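Notes for the structure review
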There are 2 protein chains.
Amino acid sequence: MTSPPLNRHGPESLHQQLTSRLRAEAERLGEGASIPSELDLVETHGISRTTVRRAIDTLVEEGVLVRRHGRGTFVATPRLGHTLDRVGAFVETFLAHGLEPESEVLSFQWKTDPAELPPELGADSTASLFLERLYRIEGEPRAFAYVYIPEPFGASISRADIEQHPSFQVIQERSGIMVHHARVTVCSRAANERTAQILDLPPGSPLLVLYRWIYTDDDKLLQYSGHYLPSEHFELTLEPELSEPHDVSYAFPLASSMLRLARRDPA
Amino acid sequence: MTSPPLNRHGPESLHQQLTSRLRAEAERLGEGASIPSELDLVETHGISRTTVRRAIDTLVEEGVLVRRHGRGTFVATPRLGHTLDRVGAFVETFLAHGLEPESEVLSFQWKTDPAELPPELGADSTASLFLERLYRIEGEPRAFAYVYIPEPFGASISRADIEQHPSFQVIQERSGIMVHHARVTVCSRAANERTAQILDLPPGSPLLVLYRWIYTDDDKLLQYSGHYLPSEHFELTLEPELSEPHDVSYAFPLASSMLRLARRDPA
């Protein structure tokens, strides 16, 4: 960062100037490169730690930089886009980006006690095969998934099947039944201790969680799964169809006694 | 929580027993009710704080309980499902759940400096109208959104329009052009200080972030928006169509020197 000093009297705030410089620097350094520490930036530019932190926050928000717990701040690698338009094996998201992940099966067991079966399997849920898979790229954890496969479909599946192939593929091959339709729910969660440990993230890190139910043509549940995706590595994409021109007419109710927030510079 | 003591010698772990009891208690108490503090539960059941925390973690994960910073742990209210199947005004998500949110316009300004326009507007981005809206239900912040409306479409829009109606509606009415197609990206982010303050959340809270681009039939950008949705209040839902039976064939590469994680009880 040997560049002219920041301009304290220009039209751009110090925060904006530092943000622009760091953005350019990140582009120059390239993916995965280390960025000077907050303290280094404070000293180099003679500005407050608050300003430095705000500039880094902005670029973390934008996905340009990423903070790694106890290791510093780095230029982010582009996020993998998982399409929601098509239902397939999760591994296809990696393949679409030219990546072939390693898989580690962390659990493979039958859950037979109704108290152990999650309500997401439905009220008439039977014993289910339960498995957990960790996806790694070059040894680094990238995604963690659990899958429930109800009894009739799980019965013919071996641990070796799951170690070698995606469950989406195995279920169809072993049962001879094709996936017919699906339901997807997406939410955001803070990583709990175990998930954080498995994904090598600080506990509390934001995760995208993708729940998916896939069904046979007669509406039998073939698989219920949850995928925990670190926010720095994944985004979900969708091109929804507008079947017909869509209009809406709504008037916001007038707020009677609304607490006004102080308006602050959004930049 | 006046119930028989936990069974230290039964088949279920203390953590599982406490989780079941708290789940039943949450159902009995109903939405929004307060749950005894961790220390109360430690004393009542004579168990470790780690066990108590783990049980609460499990139920927070499940969406049964929610922790409120400095206030305690409460029975969660059901999340609002925002459908990704259809493109419309964001306010329709609330309406679909019988809620009529109040709106506060936090910003309404023109951004003309190319350095201030986000790259998401595209390389040929022009001056844009920029606005920010906070949605409240019964005075409580629920969602925070920003919207960019490029010059030709933003020019005829007034602050009063935006204060009274959804931008999705205003843009179409003022320009006479209907939305034709859209692109959506979803990711998860930790709330930065400003967003956390606006949404009345602890900084670092997980947010679901919904980016949306909507276009005219000749591919002109009508609007680019970002919606920040607190994870405890929202989930996204989708029923993707399977146009044809879908098969996949993949074999995971064998991991040569893979660090085995200690296998732990996933319950």
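Residues numbered from 1 in each chain as written. Chains lettered and ligands numbered in written order. Predicted model: local features only at pLDDT ≥ 70, side-chain atom pairs only at ≥ 80, totals over all residues. Heavy atoms only, no water.

**As for the overall build of chain A**
- Each helix and strand in chain A was counted, giving eight helices and 11 strands.
- Structurally, chain A occupies a C-alpha span of about 70 × 50 × 35 Å along its principal axes.
- Expressed as a percentage of the 267 residues in chain A, the buried residues total 51%.
- Nonlocal contacts in chain A, meaning residues at least 24 apart in sequence, comprise 59% of its contacts between residues at least 6 apart.
- Summed over all atoms, the accessible surface of chain A reaches about 12,700 Å², with 49% contributed by carbon and sulfur.
- For chain A, the separation between the mean place of its 26 positive charges and that of its 38 negative charges on side chains is 8 Å. (Helix = DSSP H or I, 4+ residues; strand = E, 2+ residues; numbered from the N terminus. Buried < 20%, exposed > 50% of the residue type's maximum accessible area, 1.4 Å probe, protein only. Contact = heavy atoms within 4.5 Å. Areas by Shrake-Rupley, 256 points an atom, 1.4 Å probe, with all protein chains shown as cover. Lys, Arg positive; Asp, Glu negative; His and termini not counted. Charge placed at Lys NZ, Arg CZ, Asp CG, Glu CD.)

**Quick word on the sheet that holds strand 1 (residues 34-35) of chain A**
Residue and element names in this part refer to chain A.
- Strand order in the open sheet formed by three strands is 1-3-2, and the pairing between neighbours is antiparallel. The strands lining the two open edges of the sheet, one partner per strand, are strand 1 and strand 2 (65-68).
- In this fold helix 3 (residues 49-61) packs onto strand 2 and strand 3 (72-75), with an angle of close to 110° to the strand it touches most, strand 2. (Pairing = 2+ DSSP bridges. Axes fitted to C-alpha atoms, helices over the stretch in contact; angles between N-to-C directions.)

**Side note on the pairing of strand 6 (residues 128-137) of chain A**
All names here are of chain A.
- In terms of burial, strand 6 is largely enclosed, as 10 of its 10 residues are buried.
- Sheet topology places strand 5 (residues 102-111) next to strand 6; nine bridges connect them, and they run antiparallel. Looking at strand 6, one finds that Glu104 is bridged to Leu134.
- As paired elements, strand 6 and strand 7 (residues 140-150) share 10 bridges and run antiparallel to each other. Counted as the bridge partner of Leu134 is Phe144 from strand 7.
- If you look at the hairpin formed by strand 6 and strand 7, you'll find two residues sitting between the two strands, and Glu138 has a positive phi there, around 50°.

**Section: the domain arrangement of chain A**
- Per the domain assignment, the segments making up chain A are domain 1 (14-75) and domain 2 (80-237).
- Between domain 1 of chain A and domain 2 of chain A, the C-alpha centre-to-centre distance is 35 Å. (Domains from an automatic or database assignment.)

**What to know about the relation of the copies chain B and chain A**
- Rotating chain B by 180° about the axis while translating it 0.0 Å along that axis superimposes it on chain A, leaving an RMSD of 0.0 Å. These values place the two chain copies in the arrangement generated by a two-fold rotation axis. By C-alpha distance to the rotation axis, the residue of chain B lying nearest is Pro206(B), at 2.5 Å.
- Here 99% of the interface residues in chain B have copies in chain A that are interface residues too; the copies meet face to matching face. (Least-squares fit on C-alpha atoms with pLDDT ≥ 70 in both.)

**Quick look at the interface of chain B and chain A**
- If you look at the interface, chain B gives 90 residues, while chain A gives 91 residues.
- Where chain B abuts chain A, roughly 7,600 Å² becomes buried across the two surfaces, and 55% of that area is made up of carbon and sulfur atoms.
- Along the contact surface separating chain B from chain A lie 15 residue pairs in polar contact (both at pLDDT 80 or more).
- Residue contributions to the side of chain B that touches chain A peak at 10 residues, all from strand 8 (residues 181-190) of chain B.
- Across the side of chain B that touches chain A, the residue classes tally to 43 nonpolar, 22 polar and 25 charged.
- When strand 11 (residues 234-238) of chain A meets strand 8 of chain B, the two strands line up antiparallel, connected through three bridges. By the bridge assignment for strand 8 of chain B, Leu236(A) is matched with Val186(B). (Buried area = accessible area lost by both parts, 1.4 Å probe. Polar contact = N/O pair within 3.5 Å; in protein donor to acceptor, adjacent residues only side chain to side chain. Nonpolar A, V, L, I, M, F, W, Y, C, P; charged D, E, K, R; others polar.)

**Describing the sheet that holds strand 4 (residues 80-83) of chain B**
- The strand order across the open sheet formed by eight strands is 5(A)-6(A)-7(A)-10(A)-9(A)-8(A)-11(B)-4(B), and the pairing between neighbours is mixed. Because the sheet does not close on itself, it has two edges, and the strands there are strand 5 of chain A together with strand 4 of chain B. Each strand of the sheet is rotated relative to its neighbour by a mean of 20°, with strand direction disregarded.
- In this structure, strand 8 (residues 181-190) of chain A lies alongside strand 9 (residues 206-215) of chain A, joined through 10 bridges in antiparallel fashion. Directly across from Cys187(A), in strand 9 of chain A, lies its bridge partner Val209(A).
- Those strands touched by helix 7 (residues 167-175) of chain A are strand 6, strand 7, strand 9 and strand 10 (221-230) of chain A, and its axis lies near 170° from that of strand 10 of chain A.

**Examining a negative patch on the surface**
- Taken together, the side chains of Asp85(A), Glu239(A), Glu241(A), Asp85(B), Glu239(B) and Glu241(B) present a region of like negative charge at the surface.
- When you line up the elements, Glu239(A) lands in the segment after strand 11. (Patch = residues over 30% accessible without salt bridge, like charges linked within 9 Å, V, L, I, M, F, W, Y side chains within 5 Å. Salt bridge = Lys/Arg side-chain N within 4 Å of Asp/Glu carboxyl O.)

**Quick word on the side chain of Ser167(A)**
- Its place among the elements puts Ser167(A) in helix 7.
- Setting aside its immediate chain neighbours within four residues, Ser167(A) contacts Arg133(A), Val147(A), Ile149(A), Ile162(A) and Gln223(A).

**Describing the side chain of His82(B)**
All names here are of chain B.
- Here His82 shows up in strand 4.
- Of note is the side chain of His82, whose polar atom sits 2.5 Å from the side chain of Thr93.
- Once residues lying within four places of it in the same chain are set aside, the contact partners of His82 are Phe90, Thr93, Leu210, Glu235, Leu236 and Thr237.

**Topic: unusual backbone geometry**
- Even without a glycine there, the phi angle at Asp200(A) is positive, about 55°.
- Inspection of the secondary structure puts Asp200(A) in the loop between helix 8 (193-199) and strand 9.

**Looking at the confidence of the model for chain A**
- When the pLDDT values of chain A are averaged, the result is 87; 93% of them are 70 or greater.
- Counting contacts from residues 256-267 of chain A, a segment whose pLDDT is below 50, to residues more than four positions away or on other chains yields 28 contacts. (pLDDT = per-residue confidence, 0-100.)

**Digging into the packing of aromatic side chains**
- Here the structure, examined in full by the defined rule, presents 30 aromatic pairs over all chains.
- Ring geometry for Phe130(B) versus Tyr148(B): centroids 4.9 Å apart, planes at 50°, classification tilted. A residue pair is termed long-range when its members are at least 10 positions apart, and Phe130(B) in strand 6 (residues 128-137) and Tyr148(B) in strand 7 (residues 140-150) qualify at 18 residues. As far as the burial class goes, Phe130(B) and Tyr148(B) line up, both buried.
- Here the aromatic rings of Tyr146(B) and Tyr228(B) are separated by 6.1 Å at their centres, their planes lie at 50°, and the arrangement is tilted. Taken together, the residues Tyr146(B) in strand 7 and Tyr228(B) in strand 10 (residues 221-230) connect sequence positions 82 residues apart. Residues Tyr146(B) and Tyr228(B) agree in their burial class; the two are buried.
- Over the ring of Phe130(A) we find Lys111(A), and its NZ or CZ is 4.4 Å from the ring centre. (Phe/Tyr/Trp six-rings, centres within 6.5 Å; stacked < 30°, edge-to-face > 60°. Lys NZ or Arg CZ within 6 Å of the ring centre and 35° of its normal.)

**Focus on the packing of helix 1 (residues 14-29) of chain A against helix 3 of chain A**
Residue and element names in this part refer to chain A.
- Close contact between helix 1 and helix 3 brings their axes to 9 Å; oriented N to C, the two are set at 50°. Taken as axis vectors, helix 1 and helix 3 run oblique relative to one another. The crossing of helix 1 and helix 3 is right-handed. Residues Leu14, His15, Leu18, Thr19, Leu22 and Arg23 of helix 1 form the contact with helix 3, whose own contacting residues are Thr51, Val52, Arg54, Ala55, Ile56, Thr58 and Leu59.
- Taken together, the residues of the contact of helix 1 with helix 3 sort by class into seven nonpolar, four polar and two charged. (Parallel < 35°, antiparallel > 145°, perpendicular 65-115°, else oblique. Left-handed = near helix turned anticlockwise from the far one by under 90°.)

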